[in-house]
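Residues per chain, in single letters:
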Amino acid sequence: MLKKLLFLTFIVLLPVTLFGATTGKIVGKVTDKESGEPLPGANVVIEGTLLGAATDAQGRFIILNVPVGTYSLKTRFIGYRDVTVQNIRVHAGLTTEVDFAMPSQILEGEAVTIVSVRPLVEKNATNTVRIKTAEEIQNLPVRGFRDVMSIEPGVVTVGQRIYVRGGRREEIATYIDGVYQNNPLTGRASGDVSNLAIEEVNYQAGGFNAEYGFANSGVVLTTTKSGKNSYNFSGEVITDSWLSQTDKNLGTFSYGYNIYNGSLSGPVPFTNNRVKFYVGLERRYMQDHTPSSYAYQHLKMDDEGNPLDADGNPITYYVADTSGAPVLVVDDAFPYDGVGTPGVTKRYQWDEQGPWPHKSSAQWLWNGNVTIDLKPLTIRLGGNSQREKRRDLAGFPPGSDFANTVIGAGIGYSIWNHENNPIQRNYRDSYHFKVTHTLSSRTFYTAQLNYFRDAFTRSSVMFGDKFWNVGDRDDVGQFGPEGDGIVNPYIDLHGSRPLEDLRSAGLFASYGTQPGEYWKQNWQFWGAKADIVHQIGRTHELKSGFEYRYNTYRQYQIGSYGGADLHSLAGQLASVSDDFTSKAAYQNRFVNQFGYDMFGNEIDGGGRNAAKHPIIAAVYLQDKIEMEDLVLNLGIRWDYFDPANDFIADLEHVTTYTTDDGTYELEEENFIPKETYSQISPRLGFSFPVTDQTVFHAQYGKFIQTPELQRLYSSTSQYAYSLSSGMFFTQENANLRPVRTTAYEVGFRQQMGVSAALDVTAYYKEIRDHVRLRNLDNAVPVPYATFLNEDYGTVKGLSFAFTLRRTNRVSMAANYTLQYASGTGSDANTWYNIAWQQGRTPTFVAPLDFDRRHVGSFNFDYRFADNDGPMIFGMRAFSNTGVNLLFSFGSGLSYTPVRVQTEVLPGTSGYYPIAQVGSAQGPWTYQLDMKMDKTFT
């Protein structure tokens, strides 16, 4: 019955996406400065806006729906001098308190102006909330909201992956201007905005209110700048091109790091400041888009192209041992220890160089918005887009001898074939249309529509979308022997790879080798949301709303399985006849398609291989109760997930049949009607201000999140062919359930003196139904691996955060987290090797791969104000100059001690555990970043 009522709510309410709070509110009291008596009827306005309120009989006022930003608040009352409070900061979802003590006009003097100081203790936050403003972000030596979040308590960063409070990387919800920015396929943030465009980053680690969902660990709310009453232009240029790419300077190379951006904002002319705009554009070009401490090793060669050894002598491809058998020649990065083979190997000679060749990224980013103020109606149109052309490292295809080695993972092309590294084109768009209608000084509602897209195409540089030509030497076409005039000049035999370059000893790809896979993916959704906020007195802020997303997912992938890559597709197409169709040729290369036909053309139909349309929705009700000595956040949320895909009745007994065109398909008897999932999640948080400088807070909540949707969907034709091929394979599973988390948090915030504060928080989480890959040993006709809701985890942590606001030119922030993150798996593919080797999956918890027991950071900022600093030659040379130091540290990650067999000889690679899972820790890591700046006026 409850589900029917909630569904009726969707139908009845105006179907107006995912929208996180981008506004806060201002409350306060206006009194007589001499007597302390309240002043009813005083006017309080936010300068430069049409927002304001009048005080009630107790002199209190409330201004709702204030956009995130910094304001000046002015109050007027007959018989009293005007009072203005400047530098009032409004944060997303929080309450800012401002009190006025008004002097009588009988006393001599001008209007009173007061500069507000941001409070060190947020009394109305019932969970861990960390906020960085535009000014603070500009001072930090980091870029982007992800890096800003990564230095906060409870966050562990491993490479470019971010984990919050022991949750998996897909458990962080990202909002930009209130619009959900995660790709549901991976659950991870998609898209970006320029650093200069950020107004505020609001990071919440667990315990967030009922209005937030689709995340089990953390929420990041990024608010971008909007137009003001005056025009503003800003620009930025960053480059490392003054360094050398081949010779070290200052201990490093140039990696071709270049960023250029600019923005323009202000009022639209002739609109009386009722229409304002902001637009920002950024160009990024990175010659090496993932630089690391391991510089590119350039192989030294002689004039004939032979690699040189350490003595400068040409290496003759193989060195014979005493028995006359060839011994592989390898380099220092991949040494062969000679176990079982007598003789001595030689080493290549290398030159160290900065950026890896053909590993670049070229991006365009833009974001913008237009706000139309038609009081009591406000309309906002905005969005952000990203276009990227990227080259990635390439290795050997999955299933080859070296596919699971370091070489196969991405550097197989790096020596002789890097110009054929694959190219990937990314397209990301997020646009929204939002209407806010103020019904009264205590009530307003918002309705929002938005569109989101995250798409990419990954292909060979040479052939692009004409991927069937990768192995074509005899000019065959996409559908069979009829040619299209395109051939691969680097191969001598149709349907094969280029001949092996003996200089590589089988370790590196020969020149002309093409990526063996073509992949394109398009995810988009249309979303709608409506919220209504009603303030009852000064105590109760009631908020209710719903959100809805209709998704469309299309995918085409071919050549990603074992030796069945694109080089061999041409050989299949050459054999097309009346008895062997072109569809069968593509299916033999394990094509995985839905929303596209077998050949990669977009289709609207397709039966069970049509585009996928999962539906995600939620309804919530929340009451924020703000009293003098207690703040309560009481909420309840209902989440709904419809995978829009029928389930497989018995994963261990799946039957197939052969179609008229010679392809394999799943029998209809395998399917049962889909199930939908829903959960009611209570959220409870409270903040207990003991004094205005001491606040205790606690939180309890249930959270639910859809699994990575890339684990659910695949084409039925690929599933059927994999079963019929007799080979072991990995299969997605549409039967997956959402992941559930129960979280607890307690802590306190203490102001120390007038300039410092300490925040201490303890937390615990229990996670169920995480996804893991497991082998189905008893499956027929062949065993295979699939994804199941079987992983479990617990997280315990204690975080400390210290803040010193600017005092005598110095501001500081420091944090430290002690955390124990344990589980039966770190991600869905943790036990990939066990599944493929048909081993037993562990059933006990162990430290996760991202379990970093100790992590923290220390930020020191020293800054001279305007007309400040020592006098040098009659001038203050250090005026408006600052330096910022950011020191980050962390203990070693957990790992399982193993004995490693050589990864050089084909067929002999392997890792043999010699201790318990996750029982060892790596070395501590440290990083120091510095930024110096000077402002000229």
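About the criteria used
- Residues numbered from 1 in each chain as written.
- Predicted model: local features only at pLDDT ≥ 70, side-chain atom pairs only at ≥ 80, totals over all residues.
- Heavy atoms only, no water.
- Helix = DSSP H or I, 4+ residues; strand = E, 2+ residues; numbered from the N terminus.
- Buried < 20%, exposed > 50% of the residue type's maximum accessible area, 1.4 Å probe, protein only.
- Areas by Shrake-Rupley, 256 points an atom, 1.4 Å probe, with all protein chains shown as cover.
- Salt bridge = Lys/Arg side-chain N within 4 Å of Asp/Glu carboxyl O.
- Pairing = 2+ DSSP bridges.
- Axes fitted to C-alpha atoms, helices over the stretch in contact; angles between N-to-C directions.
- Phe/Tyr/Trp six-rings, centres within 6.5 Å; stacked < 30°, edge-to-face > 60°.
- Lys NZ or Arg CZ within 6 Å of the ring centre and 35° of its normal.
- Core = buried A, V, L, I, M, F, W, Y, C linked by side-chain atoms within 4.5 Å.
- Patch = residues over 30% accessible without salt bridge, like charges linked within 9 Å, V, L, I, M, F, W, Y side chains within 5 Å.
- Polar contact = N/O pair within 3.5 Å; in protein donor to acceptor, adjacent residues only side chain to side chain.
- Contact = heavy atoms within 4.5 Å.
- pLDDT = per-residue confidence, 0-100.

Across its full length, the protein chain carries 7 helices and 53 strands. Residue burial in the protein chain is summarised as follows: out of 937 residues, 56% are buried. Carbon and sulfur atoms form 56% of the exposed surface of the protein chain, whose accessible area is close to 40100 Å².

Right, let's talk about the pattern of salt bridges for a bit. Applying the stated criterion to the full structure yields 50 salt bridges. Of the charged contacts, one joins K25 and E626 as a salt bridge, the two residues approaching to 2.8 Å between their closest N and O atoms. Remark: E626 occurs in strand β33 (residues 615-626) and K25 occurs in strand β1 (residues 23-32); sequence separation between them is 601 residues. In terms of burial, K25 and E626 fall into one category: buried. The salt bridge partner of E547 is R637, with a shortest N-O separation of 3.7 Å. Here the residue E547 occupies a position in strand β31 (residues 540-558), and R637 occupies one in strand β34 (residues 631-642), the gap between them amounting to 90 residues. Using a relative accessible area of 2% as the deciding quantity, one classes E547 as buried. When salt bridges that share partners are traced, they join R143, R146, D192, E236, E282 and R284 into one network.

Turning our attention to the sheet that holds strand β2 (residues 43-46). Taking strand neighbours across the sheet as the criterion, the 5 strands line up as β3-β2-β5-β6-β9 in an open arrangement whose pairing is mixed. Every interior strand has two partners, whereas the edge strands, β3 (52-54) and β9 (112-115), have only one. When strand polarity is set aside, the average angle formed by the axes of neighbouring strands in this sheet is 20 degrees. Pairing of strand β6 (residues 83-90) with β9, which is carried by 4 bridges, proceeds in the parallel orientation. Across the sheet, residue V85 finds its bridge partner in β9, namely I114.

With that settled, the discussion passes to the packing of aromatic side chains. Considering all chains together, one arrives at 38 aromatic pairs under this definition. With a centroid separation of 4.9 Å and 5 degrees between ring planes, the pair formed by F729 and Y784 is classed as stacked. On the criterion of sequence distance, the pair formed by F729 in the loop between α6 (716-725) and β41 (730-731) and Y784 in strand β44 (residues 784-807) is long-range, its members being 55 residues apart. Residue F729 is classed as buried on the basis of its relative accessible area, which comes to 1%. Judged by relative accessible area, which is 0%, Y784 ranks as buried. Measuring from centroid to centroid gives 6.2 Å for F887 and Y926, while their planes differ by 15 degrees, and the two rings are stacked. Within this pair, whereas F887 is found in strand β48 (residues 881-890), its partner Y926 is found in strand β53 (residues 925-934), the two being separated by 39 residues in sequence. Classification of F887 by relative accessible area gives partly exposed; the value is 31%. Pairwise contacts between aromatic rings join F467, W468, F479, Y518, Y556, Y586, Y596 and F599 into one cluster. In this structure, R165 is placed above the aromatic ring of Y763, and the distance from its NZ or CZ to the ring centre is 4.2 Å.

It is worth spelling out the nonpolar core at this point. As a rule of thumb, nonpolar side chains are buried together in soluble globular proteins. Counting residues in hydrophobic clusters, the biggest one holds 36 residues, and the most contacted among them are Y175, V219 and L709. Broken down by secondary-structure element, the contributors of at least two residues to this core are β13 (172-176), β18 (218-224), β30 (518-536), β33, β43 (756-776) and β44.

Take the sheet that holds strand β14 (residues 179-180) next. If you walk across this open sheet you meet the 5 strands as β10-β17-β18-β13-β14, and the pairing is mixed. Looking along the sheet, the strands with just one partner apiece sit at the ends: β10 (129-133) and β14. Sheet analysis places β10 next to strand β17 (residues 198-205), joined by 5 bridges and oriented antiparallel. By the bridge assignment, I131 is partnered in β17 with N202.

Okay, α6 next. Along α6, 8 of the 10 residues are buried, which leaves the element largely enclosed by surrounding structure. Buried within α6 are the following residues: T716, S717, Q718, Y719, A720, Y721, S722 and L723. Looking one or two residues past α6, G726 carries a phi angle of roughly 80 degrees, positive in sign.

This brings us to a nonpolar patch on the surface. On the surface, a nonpolar cluster with roughly 850 Å² of combined accessible area is contributed by F858, L885, F887, W924, Y926, L928, M930 and M932. The set of elements that each furnish at least two residues to the nonpolar patch consists of β48 and β53. It is β53 that contributes the most residues to the nonpolar patch, 4 residues altogether.

Along the chain, the position of N670 falls in the loop between β37 (664-666) and β38 (671-672). In this structure N670 comes out as buried when scored by relative accessible area, which is 5%. Within the local environment of N670, its side chain forms a polar contact with the backbone oxygen of E667, the two atoms lying 2.8 Å apart. If sequence neighbours within four positions are ignored, N670 has contacts with F647, I648, A649, H653, V654 and T655.

What follows covers the environment of K612. Of note, K612 is situated in the loop between β32 (592-594) and β33. We classify K612 as buried; its relative accessible area is 4%. As for K612 and N645, which are separated by 33 residues in sequence, their C-alpha atoms are 7.4 Å apart. Those residues within four positions of K612 in sequence are excluded, and the remaining contacts are N551, T552, Y553, F594, N645 and Y713. Looking at K612, its side chain comes within polar contact range of the main-chain oxygen of R608, at 2.9 Å. A polar contact is formed between the side chain of K612 and the side chain of N645, at a distance of 3.0 Å.

On to the pairing of β13. Within β13, 5 of the 5 residues are buried, leaving the element largely enclosed by the surrounding structure. Neither face of β13 is left uncovered, since the one carrying I172, T174 and I176 and the one carrying A173 and Y175 both have all their residues buried. In this structure, β13 lies alongside β18, joined through 5 bridges in parallel fashion. By the bridge assignment for β18, I176 is matched with T222. As judged from the 2 bridges shared by β13 and β14, these two strands associate in the antiparallel manner. Among the inter-strand pairings, Y175 is bridged to a residue of β14, identified as Y180. Between the antiparallel neighbours β13 and β14 lie 2 residues, among them D177 with a positive phi of about 55 degrees.

Bringing helix α4 (residues 566-574) into the picture now. For an α-helix, 3.6 residues make a turn, and residues three or four places apart therefore share a direction. Counting buried positions along α4 gives 7 out of 9 residues, so the element sits mostly inside the fold. Among the residues making up α4, those that are buried are L566, H567, S568, L569, A570, Q572 and L573. Contacts made by the buried residues of α4 are with β30, β31 and α5 (582-588). Here α4 starts with a cap whose side-chain oxygen sits 3.2 Å from the backbone nitrogen of H567, and that cap is D565.

With that settled, consider unusual backbone geometry. K375 connects to P376 through a cis peptide bond whose omega is 10 degrees. If you trace the backbone, P376 turns up in the loop between β26 (361-374) and β27 (377-391). One non-glycine residue with positive phi stands out, namely N87, at about 65 degrees. As for its position among the elements, N87 is in strand β6. Residue A644 is not a glycine yet carries a positive backbone phi of 55 degrees.

Before going further, it helps to examine the environment of K543. Checked against the element boundaries, K543 lands in strand β31. Separated by 10 residues in sequence, K543 and V533 have C-alpha atoms that sit 4.5 Å apart. Excluding anything up to four places from it in sequence, K543 contacts E211, D531, I532, V533, Y620, L621 and Q622. Engagement of the side chain of K543 in a polar contact is seen with the side chain of E211, the distance being 3.0 Å.

Next up on the list: the confidence of the model for the protein chain. On average, the protein chain scores 86 in pLDDT, and the residues at 70 or more come to 88%. Within the model, the stretch residues 398-407 combines pLDDT values under 50 with 29 contacts to residues more than four positions away or in other chains.

As for its placement among the helices and strands, S104 is situated in the loop between β8 (100-102) and β9. Sequence-wise, S104 and E34 are 70 residues apart; in three dimensions their C-alpha atoms are separated by 8.2 Å. When near neighbours in sequence (up to four residues on either side) are disregarded, S104 contacts E34, G79, Y80 and R81.

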